[in-house]
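# What the coordinates show
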Amino acid sequence: QVQLVESGGGLVQAGGSLRLSCAPSGRTFRNYAMGWFRQAPGKEREFVAALNWSGGSTAYADSVKGRFTISRDNAKNTVTLQMNSLKPEDTAVYYCAADNSFSLSTREGSYDYWGQGTQVTVSS
C-alpha cells in the first residue's frame, strides 16, 4: 500500500501563489502516474492536473491551464503542484493521487491511492 501526504496548503490572497507537495510515506513514485484533484464545499471532486510515470506528459483542467504546473522531483521523491495567479474559485481541498500505470489519467477511478487532502483558501 502506498500512502500519500500533501503539504503546502494555506491562505493566500487572489493573484498570489502556493506550491503543494505530495510525498509517499512508504514507497517511491516509480511506475506511478500522479494526479491532483480538488473539491470545494458543496461541489464534486474535480480533476486539476496529472503527470505520467516518466514525467514527459502532463494534463491540466481548462480552468487551471496556464496558471498551474505539475512536476516531479525524483531526487526528493515528491510531486509538486505550483499554483500561480490564484483565484477565489480555486478555494478547495486539494488531493494528491497515485495511479499504478505508466500513462496519466484525468479520471478519479483510475487512481489507486489518495492522500488526505490539504486546504487551499484564496481570498478576494
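Heads up: these notes are all about the structure in this document. (Residues numbered from 1 in each chain as written. Predicted model: local features only at pLDDT ≥ 70, side-chain atom pairs only at ≥ 80, totals over all residues. Heavy atoms only, no water.)

## Observations regarding the nonpolar core
Ranked by internal contacts, the top residues of the largest apolar core, which has 33 residues, are Trp36, Leu81, Met83 and Tyr94. The set of elements that each furnish at least two residues to this core consists of β3 (18-24), β4 (33-39), β5 (46-51), β6 (58-60), β7 (68-73), β8 (78-83), β9 (92-99) and β11 (118-123). Beyond its immediate chain neighbours, meaning those up to four positions away, Leu81 contacts Leu18, Arg19, Leu20, Trp36, Val48, Ala49, Phe68, Thr69, Ile70 and Tyr94. (Core = buried A, V, L, I, M, F, W, Y, C linked by side-chain atoms within 4.5 Å. Buried < 20%, exposed > 50% of the residue type's maximum accessible area, 1.4 Å probe, protein only. Helix = DSSP H or I, 4+ residues; strand = E, 2+ residues; numbered from the N terminus. Contact = heavy atoms within 4.5 Å.)

## A short note on the packing of aromatic side chains
Geometry of an aromatic ring pair is reported as the spacing of the ring centres plus the angle between the planes. Applying the stated criterion across every chain yields a total of five aromatic pairs. Ring centres of Phe37 and Phe47 lie 5.7 Å apart, and the angle between their planes is 75 degrees; on these two criteria the pair is classed as edge-to-face. One end of the pair, Phe37, is in strand β4; the other, Phe47, is in strand β5, with ten residues separating them in the sequence. Looking at Phe37, the relative accessible area reads 1%, which means it is buried. Phe47 gets classed as buried once you look at its relative accessible area, which sits at 14%. Taken together, a centroid distance of 5.1 Å and an interplanar angle of 50 degrees make the contact between Phe37 and Trp114 tilted. (Phe/Tyr/Trp six-rings, centres within 6.5 Å; stacked < 30°, edge-to-face > 60°.)

Everything listed is a geometric property; what it means functionally is a separate question.
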